[in-house]
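Summary of the model geometry
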Amino acid sequence: MRIGAHILRNRLFVAPMAGITDRPFRRLARRFGAAIAISEMLSARPELRASRKSRLRRDHAGESGPISVQIAGGDPAMLADAARYNVDQGAQIIDINMGCPAKKVCNQWAGSALMKDEPLALAIVEAVVAECAPHDVPVTLKMRTGWCASEKNAVRIARAAEAAGVAMVAVHGRTREQGYKGDAEYETIAAVKRAVAIPVVANGDIDSPAKARAVFAATGADAIMIGRAAQGRPWLFGEIAFHLATGETAPPPRVADVKAWLLEHLDDHYRLYGEFAGVRSARKHIGWTLRGLPGGEEFRAEMNAIESCDAQARAVAVWFDRLADAMPLMPACAAHERPAPTLH
Ligand SMILES: Cc1cc2nc3c(=O)[nH]c(=O)nc-3n(C[C@H](O)[C@H](O)[C@H](O)COP(=O)(O)O)c2cc1C
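This report concerns the structure included in the present document. (Residues numbered from 1 in each chain as written. Predicted model: local features only at pLDDT ≥ 70, side-chain atom pairs only at ≥ 80, totals over all residues. Heavy atoms only, no water.)

Another point: the pattern of salt bridges. What the rule picks out here adds up to 22 salt bridges. Between Arg 27 and Asp 268 there is a salt bridge, with the nearest N and O atoms lying 3.1 Å from each other. Note that Arg 27 is positioned in helix H1 (residues 23-31) and Asp 268 in helix H10 (residues 255-290), a separation of 241 residues in sequence. You can call Asp 268 buried: its relative accessible area is 12%. Of the charged contacts, one joins Glu 47 and Arg 45 as a salt bridge, the two residues approaching to 2.9 Å between their closest N and O atoms. Glu 47 gets classed as exposed once you look at its relative accessible area, which sits at 53%. Take Arg 45: its relative accessible area is 30%, and that puts it in the partly exposed class. Ionic contacts of the salt-bridge type, sharing partners, join the residues Arg 23, Arg 27, Asp 59 and Asp 268 into one network. (Salt bridge = Lys/Arg side-chain N within 4 Å of Asp/Glu carboxyl O. Helix = DSSP H or I, 4+ residues; strand = E, 2+ residues; numbered from the N terminus. Buried < 20%, exposed > 50% of the residue type's maximum accessible area, 1.4 Å probe, protein only.)

Next up, the structure:
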């Protein structure tokens, strides 16, 4: 599969998740086999560019390409300017967020709210494509199936976006109204795939190799995108790739390997965020990794009280060493253990 001139090594994407898919997490997901990892969304508002949060979200140091940066906003000129700014900063693909249901995004007529105003959505797409095309930077679009059950307009928007020069669309199989409730549906994604010639990426509730295979079959999508199920379990990409290639189930990872991966992730995380923010924001990643492990809940509570990065990493190492002695292999993760949606 390709996006513009970028040829992807497989058909697995890690979904953009604000507060989660920062540079350390993207690296991890790529290492386990995600071909592409879109950045957390960046506001198009120029006055926010200098903030620490935006600066960290824009950090792609040492990341392998293609670097895909997601921008969010509701004004065509502002989004075009943001696209240009991020291309100047090294973005190789610009992704437009038309899927985010968060109130702070939607109230500014951005994210999934754009799906309610098709002319505005199209004006944004055209403005961003016009800005990126001279730099040979493809523009992609991430959206939902529609605004609400009675207004599923993903097919219309995808067609218009394709005509405007968008190189790929990703569709989360829920409406804006659903938020994260109910189950993702794949019929609308299949309809989008039939309606356009550009690559279509299916997203929503993919949490196992079997589900990945089923979603490919149900949608005919060119690729799949995984978000929440990869939290604390980034090796899922490798498990899916293995299953798609062989039809077999990959053996679960060794606890000792998970310990090593987690410690590397923590080190990268601390380097990006520094001592104070790093120790705090790492807790969620550790907590997700502990999910379903014997004694994991108790350790999580203990670990949450630790205030230094060194001590946190040491406690994680000791805990996983003990676990490895008792249980060399990670348990297979059941679908029902998918993390509850945390909204941003
Ligand atoms: C915590 C969180 C943050 C998210 N942030 C973004 C974002 O910045 N941009 C975006 O397009 N979607 C965002 N999403 C939506 C995901 O990309 C994805 O569409 C959604 O989680 C459904 O996929 P999943 O079932 O595999 O998690 C976010 C989702 C979560 C749970």
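Moving on, we come to the site of the ligand. Lining the immediate surroundings of the ligand are 19 residues, of which Pro 16, Gln 70, Asn 203, Asp 205 and Arg 228 lie closest. Note that an oxygen atom of the ligand is positioned 3.4 Å from one of the backbone N or O atoms of Met 41. Within the contact set of the ligand, an oxygen atom lies 2.7 Å away from a backbone nitrogen or oxygen of Asp 205. Notes on the ligand: free accessible area 610 Å², of which the protein chains cover 98%. Looking at the shell around the ligand residue by residue, the class counts come to 8 nonpolar, 8 polar and 3 charged. (Near = heavy atom within 4 Å. Polar contact = N/O pair within 3.5 Å; in protein donor to acceptor, adjacent residues only side chain to side chain. Areas by Shrake-Rupley, 256 points an atom, 1.4 Å probe, with all protein chains shown as cover. Nonpolar A, V, L, I, M, F, W, Y, C, P; charged D, E, K, R; others polar.)

Turning next to the environment of Phe 237. One can find Phe 237 in helix H9 (residues 236-246). Exposure remark for Phe 237: the relative accessible area of 0% places this residue in the buried category. For the pair formed by Phe 237 and Arg 30, sequence separation is 207 residues and the distance between their alpha carbons is 8.5 Å. Excluding residues that lie within four positions of it along the chain, Phe 237 makes contacts with Leu 12, Phe 13, Val 14, Ala 29, Phe 32, Gly 33, Ala 34, Ile 226 and Ala 230. (Contact = heavy atoms within 4.5 Å.)

We now examine the sheet that holds strand E11 (residues 223-226). Taking strand neighbours across the sheet as the criterion, the 9 strands line up as E4-E3-E11-E10-E9-E8-E7-E6-E5 in an open arrangement whose pairing is parallel. Edge positions in the sheet fall to strand E4 (36-37) and strand E5 (42-43), since each has one partner strand and no second. In the sheet, strand E6 (residues 68-72) pairs with strand E7 (residues 93-98) via 4 bridges, with the strands oriented parallel. Within the sheet, the bridge partner assigned to Ser 68 lies in E7 and is Ile 93. Across the face of the sheet, helix H7 (residues 187-195) comes into contact with strand E8 (139-146), strand E9 (168-175) and strand E10 (200-203) while running at roughly 175 degrees to E10. Contacting E10 and E11, helix H8 (residues 209-219) runs over the sheet at an angle of about 135 degrees to E11. (Pairing = 2+ DSSP bridges. Axes fitted to C-alpha atoms, helices over the stretch in contact; angles between N-to-C directions.)

This paragraph deals with the packing of aromatic side chains. For the structure on display, the rule yields 4 aromatic pairs. Taken together, a centroid distance of 5.9 Å and an interplanar angle of 40 degrees make the contact between Trp 235 and Trp 261 tilted. Pair noted here: Trp 235 is in the loop between E11 and H9 and Trp 261 is in helix H10, with a separation of 26 residues, a long-range link. Overall, Trp 261 belongs to the buried group, its relative accessible area being 18%. Pairing Trp 319 with Phe 320 gives two aromatic rings, centres 5.1 Å apart and planes at 80 degrees, and the pair type is edge-to-face. Grouping residues by exposure puts Trp 319 and Phe 320 together as buried. (Phe/Tyr/Trp six-rings, centres within 6.5 Å; stacked < 30°, edge-to-face > 60°.)

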